[in-house]
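Descriptive structure summary
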Amino acid sequence: MLIIGLTGGIGSGKTTVCNYFSALGIPVIDADVAAREVVQPGQPGLSQVIEIFGQDILTSANTLNRSKLREQIFYDESSRKKLEAILHPLIRQQMDKKLAGLKTPYAILAIPLLLESGRREGIDRILVIDADESQQIARACQRDHQSKNQIHTIIAAQCSRKDRLSAADDVIYNTGDLEQLNSQVTEMHNRYLRLAAQNS
Ligand code: ATP
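I will try to describe carefully the structure that is included in this document. (Residues numbered from 1 in each chain as written. Predicted model: local features only at pLDDT ≥ 70, side-chain atom pairs only at ≥ 80, totals over all residues. Heavy atoms only, no water.)

Before going further, it helps to spend a moment on the pattern of salt bridges. Inspection of every chain in the model, using the stated rule, returns 10 salt bridges. In this structure, Glu37 engages Lys98 in a salt bridge whose closest nitrogen and oxygen atoms are separated by 2.9 Å. On the criterion of sequence distance, the pair formed by Glu37 in helix H2 (residues 31-37) and Lys98 in helix H5 (residues 77-99) is long-range, its members being 61 residues apart. Exposure remark for Glu37: the relative accessible area of 27% places this residue in the partly exposed category. On the basis of relative accessibility, which here comes to 33%, the residue Lys98 falls in the partly exposed class. Across the pair Glu77 and Arg80 runs a salt bridge whose closest N-O atoms are separated by 3.7 Å. Linking Glu77 with Arg80, this pair stays in helix H5, spanning 3 residues, or about one helical turn. (Salt bridge = Lys/Arg side-chain N within 4 Å of Asp/Glu carboxyl O. Helix = DSSP H or I, 4+ residues; strand = E, 2+ residues; numbered from the N terminus. Buried < 20%, exposed > 50% of the residue type's maximum accessible area, 1.4 Å probe, protein only.)

Our focus in this paragraph is helix H3 (residues 44-53). For H3, every residue scored as buried is listed here: Gly45, Leu46, Val49, Ile50 and Phe53. The buried side chains of H3 occupy one side of the element, clustering within an arc of 140 degrees when seen end-on. The inward-facing, buried residues of H3 contact helix H4 (66-74) and H5. One or two steps after H3, the chain reaches Gly54, where phi turns positive at roughly 85 degrees. (Arc of directions from axis to C-beta. Contact = heavy atoms within 4.5 Å.)

Attention now goes to the site of the ligand. Near the ligand, the surroundings consist of 14 residues, among which Lys14, Thr15, Thr16, Arg143 and Asn174 are the closest. At 2.6 Å from an oxygen atom of the ligand is found a side-chain nitrogen or oxygen belonging to Lys14. Here an oxygen atom of the ligand and a side-chain polar atom of Thr16 are 2.5 Å apart. Starting from 630 Å² of accessible surface for the ligand in isolation, the protein chains cover 74%. (Near = heavy atom within 4 Å. Polar contact = N/O pair within 3.5 Å; in protein donor to acceptor, adjacent residues only side chain to side chain. Areas by Shrake-Rupley, 256 points an atom, 1.4 Å probe, with all protein chains shown as cover.)

Moving on, we get to the sheet that holds strand E5 (residues 170-173). Here 5 strands make up an open sheet; going across it, the order is E2-E3-E1-E4-E5 and the pairing parallel. Edge strands, defined here as strands with exactly one partner in the open sheet, are strand E2 (28-30) and E5. Put simply, the sheet's adjacent strands are angled 25 degrees from each other on average, direction ignored. Here 5 bridges tie strand E1 (residues 2-8) to strand E3 (residues 106-110), and the two strands are oriented parallel to one another. Bridge pairing in E3 links Leu6 to Ala110. (Pairing = 2+ DSSP bridges. Axes fitted to C-alpha atoms, helices over the stretch in contact; angles between N-to-C directions.)

Put into structure tokens, the structure is as follows:
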């Protein structure tokens, strides 16, 4: 099966594009969803996170306090690296489990930090969703009511637009309206069906 790794900066339109692929019957496996699943109560991922950060990292309901964890790793690179070393393989396994048994010609792995995390194995093509920085900021602010400054900080911490585009095998330009976006997804879908047919 052809595996597409979909990525893009904050507010670039990844979720919208994924929804369009889903509507075309293509499975989308989301790394953010997998990341939440592997630290559910009872999962080995949660016990390992507790080993590093202690019981204080839990809420009163014994679930992972994600905002506290984000705070703890924000300024502490070594604990961030430890956390990633635990969670990345678990997230990968979780996504592989979901891929196993799928019968479509291709599938999408939606991995917002694909380029930052260096995860490439098992991915045949990298699809980048691209938008102008001003559009990313406007769309992300409108959706989340985050401040422009917060979005700027996140953009600065992410892979640059230039590096992302140079790593891309395919690009969807989300610089127009939603109709233009949807028609690019349909074109890309047809292209992936052709590529999958050639590979099989
Ligand atoms: P994040 O990285 O923050 O999760 P994302 O890359 O998944 O964001 P979306 O959630 O798809 O981005 O898009 C951000 C917001 O912008 C959403 O409210 C979406 O409806 C809107 N949006 C996306 N593309 C367009 C477009 N071409 N025209 C107008 N609005 C758009």
